[in-house]
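Per-entry structural report
Given next are the chains, with one letter for each unit.
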Amino acid sequence: MSGSSAALQPPADAVKPVRHPDAPAPGELLGAHYEHCFGCGPGQPHGLHLEARAGEGVSLTAEFTVQPAHQGAPGLAHGGVLATALDETLGSLNWLLRTIAVTGRLETDFLRPVPVGTTLYLEAEVTAVAGRKIYCTATGRLGGPGGPLAVRADALFVEVKVDHFVDHGRQEEIQAVMNDPDQIRRTRAFEVNP
Ligand SMILES: CCCCCCCCCC(=O)SCCNC(=O)CCNC(=O)[C@H](O)C(C)(C)COP(=O)(O)OP(=O)(O)OC[C@H]1O[C@@H](n2cnc3c(N)ncnc32)[C@H](O)[C@@H]1OP(=O)(O)O
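Think of each chain on its own: its residues are numbered from 1, step by step along the sequence as written. Restriction of local features to residues with pLDDT of at least 70 applies here, the model being predicted, together with a cutoff of 80 or more for giving and counting side-chain atom pairs; totals for whole chains, interfaces and linings are based on all residues. As a rule here, side-chain values come from all non-hydrogen atoms in the structure, and water together with hydrogens is ignored.

Within an unreviewed UniProt entry, the label attached to the chain reads Acyl-coenzyme A thioesterase THEM4, and the organism entered is Streptomyces argyrophylli. Regarding the chain, the relevant UniProt record gives this comment under Sequence similarities (unreviewed entry): "Belongs to the THEM4/THEM5 thioesterase family." UniProt positions are given in the numbering used here, feature names are shortened, and annotations may be inferred rather than shown by experiment.

Set out below in structure tokens:
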């Protein structure tokens, strides 16, 4: 069974998402938003190392290859890891809106088992925006962009200020980010844009 709950139905006053004029061009790799992110960071040995690429409009594609470290059942991806891949892919959409937002709700359907060694081809798009609320949807297919549908998700992201991370994150990681001019520039680029 699939279909999202009432909490993920955009309200009547929701509007279509608008791609930010400074969003990466279609086809461009988005890169990691944080080196130690479990979803996309190159500094996480057992992370997903998910790579997302801008699409048309407010959409993107991403790829993630399931490693032995990602198993739940023998030889199969853990469902929580697959949910992480969907969450990370959906979170990456915020590059295209140039908005900082965090996952408020994520509803996932697991339709087929995903074996270790499989590359999951993900697609995601923002479907509607209502104030701080960003509604989006994603799919993951086995072996190729046209492969069998294995997972899908609908989600609500909520826009936050940079202070969200400064106020809630552990001090040592926050300080390390503050000491990295590249990271500050990357984050501020989002903050100063509407
Ligand atoms: C630099 C870029 C970084 C990008 C990172 C991407 C990584 C991948 C994505 C993630 O995994 S983010 C990490 C996982 N998520 C979190 O840790 C978020 C934890 N939750 C919170 O911090 C707060 O609950 C949240 C910011 C989501 C909302 O709190 P707020 O006090 O700011 O807002 P509020 O509770 O007033 O909600 C705003 C609106 O969203 C709605 N809302 C919030 N959470 C909801 C929910 N769970 N379900 C449905 N609606 C929800 C809420 O009803 C309300 O709707 P209305 O405006 O119509 O009244």
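Next comes the rest of the account.
1. Considering the site of the ligand
Taken together, 14 residues are adjacent to the ligand, and Asp87, Thr103, Gly104, Arg132 and Lys133 come closest. Within the contact set of the ligand, an oxygen atom lies 2.7 Å away from a side-chain nitrogen or oxygen of Asp87. Any pair of nitrogen or oxygen atoms within 3.5 Å is treated as a polar contact; in protein, a donor-acceptor pairing is required on top of that, and neighbouring residues in sequence qualify only through side-chain atoms on both sides. Here Lys133 contributes a side-chain N or O atom positioned 2.7 Å from an oxygen atom of the ligand. Shrake-Rupley sampling with a 1.4 Å probe provides the accessible areas, and residues are treated as covered by the protein chains on show and by no other component. Across the complex, the protein chains shield 51% of the 1200 Å² of accessible surface that the ligand would expose by itself. A helix here means a DSSP run of H or I that spans at least four residues, while a strand means a run of E at least two residues long, and both kinds are numbered starting from the N terminus. Looking at the shell around the ligand, the element that brings in the most residues is strand E3 (residues 101-110), giving four residues. Across the shell around the ligand, the residue classes tally to five nonpolar, four polar and five charged. We define proximity as follows: a residue is near a molecule or strand when any one of its heavy atoms falls within 4 Å of that partner. Residues were grouped as follows: Ala, Val, Leu, Ile, Met, Phe, Trp, Tyr, Cys and Pro as nonpolar; Asp, Glu, Lys and Arg as charged; and all remaining residues, including Gly, as polar.

2. Remarks on the side chain of His70
Along the chain, His70 turns up in the loop between strand E2 (59-65) and helix H1 (79-92). Between two residues, a contact is recorded if the distance between any of their heavy atoms is within 4.5 Å. Apart from residues lying up to four places away in sequence, His70 is in contact with His46, Gly47, Leu48, Phe64, Thr65, Leu76, Ala77, His78 and Val81.

3. Focus: the nonpolar core
Side-chain atoms within 4.5 Å link the members of a nonpolar core, which is a set of buried Ala, Val, Leu, Ile, Met, Phe, Trp, Tyr and Cys residues. Throughout, exposure labels follow a simple rule: accessible area from a 1.4 Å probe, protein chains only, divided by the maximum for the residue type, with under 20% read as buried, over 50% as exposed, and the rest as partly exposed. Within the largest apolar cluster, 37 residues are counted, with the highest numbers of intra-cluster contacts made by Phe64, Leu90 and Leu120. Residue assignment for this core shows that the elements contributing at least two residues are strand E1 (51-54), E2, H1, helix H2 (94-97), strand E4 (119-130), strand E5 (133-142) and strand E6 (149-159). Not counting residues up to four positions away in its chain, the partners in contact with Phe64 are Leu48, Leu50, His70, Val81, Leu82, Ala85, Thr118, Thr119, Leu120 and Leu122. Core analysis: the second largest hydrophobic core is formed by five residues, Leu8, Ala128, Tyr135 and Leu156 among them.

4. Re the domain arrangement of the chain
Source of the domain bounds: an automatic or database domain assignment. Structurally, the chain comprises domain 1 (14-159) and domain 2 (161-194). In this structure, domain 1 and domain 2 have C-alpha centres spaced 22 Å apart.

5. Observations concerning the pairing of E5
Of all ten residues in E5, seven are buried; the element is thus mostly enclosed. A pair of strands is considered paired only if DSSP assigns at least 2 bridges between the two. Looking at chain direction, E4 and E5 are connected through ten bridges and run antiparallel. Bridging from a neighbouring strand, Leu122 pairs with Gly140 of E5. Joining the antiparallel neighbours E4 and E5 is a turn of two residues, in which Gly131 adopts a positive phi near 60 degrees. Sheet topology note: the E5/E6 ladder contains nine bridges and is antiparallel.

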